[in-house]
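Residue-level listing of the chains:
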Amino acid sequence: MSAHVQKPGWFTVNVFNRAVAWMTRRGLSVWGSRVLAVRGRKSGEWRTTPVNLLTVDGQQYLLAPRGHVQWTHNMRAAGGGELRLGKNVDVFTAVEVADDDKVPLLRAYLKRWKAEVGVFFNGVGPDSPDADLRRIAPDHPVFRITVTK
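Since we're looking at a predicted model, the values are computed, not measured.

Quick notes on the rules
- Residues numbered from 1 in each chain as written.
- Predicted model: local features only at pLDDT ≥ 70, side-chain atom pairs only at ≥ 80, totals over all residues.
- Heavy atoms only, no water.
- Salt bridge = Lys/Arg side-chain N within 4 Å of Asp/Glu carboxyl O.
- Helix = DSSP H or I, 4+ residues; strand = E, 2+ residues; numbered from the N terminus.
- Buried < 20%, exposed > 50% of the residue type's maximum accessible area, 1.4 Å probe, protein only.

(A) Representation of the pattern of salt bridges in the model. Under the counting rule described, the total for this entry stands at six salt bridges. Notably, a salt bridge pairs Asp-100 with Arg-134, separated by 2.7 Å at the nearest N-O pair. Linking Asp-100 in the loop between strand S5 (88-96) and helix H3 (103-117) with Arg-134 in helix H4 (residues 130-136), this pair joins segments that are 34 residues apart in sequence. Given a relative accessible area of 58%, Asp-100 falls into the exposed group. The partly exposed category is assigned to Arg-134, whose relative accessible area is 32%. With a shortest N-O distance of 3.9 Å, Arg-135 and Asp-132 are connected by a salt bridge. With a gap of three residues between them, Arg-135 and Asp-132 both fall in helix H4, about one helical turn apart.

Take a look at the structure:
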């Protein structure tokens, strides 16, 4: 597994993520945003962060543009969590997607959110060759989620 992590800057943490989470908690999805809640692998406490929910061929995915960040480690340990939009809470289980299966998901994610997150993909974009997307796949965890209630 790659150790790739790109920490967010002050503006992202203190302005952008807070604004998106605030709107999402009030039921306004910003380009598919949700608030991900997952139990901490050490503390057991709920941890939340705004995420972009990707849907491809009717299946839902969470992709980590910044790499192997805290929520991805917690998701591996917990095996699922909650996606929140306003008062709606979807409880789900998660299965990590193998690197070889990520190419179409990375491409779809970049088509939708490149303007927001493209800087985290080292020059690889939605129109890049499959080989380039496969090369960066280990740096970006992807989880297929199944809503259970």
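(B) Spatial organisation of the environment of Trp-113. For Trp-113, the location among the structural elements is in helix H3. For Trp-113 and Pro-126, which are 13 residues apart along the polypeptide, the C-alpha to C-alpha distance reads 9.7 Å.

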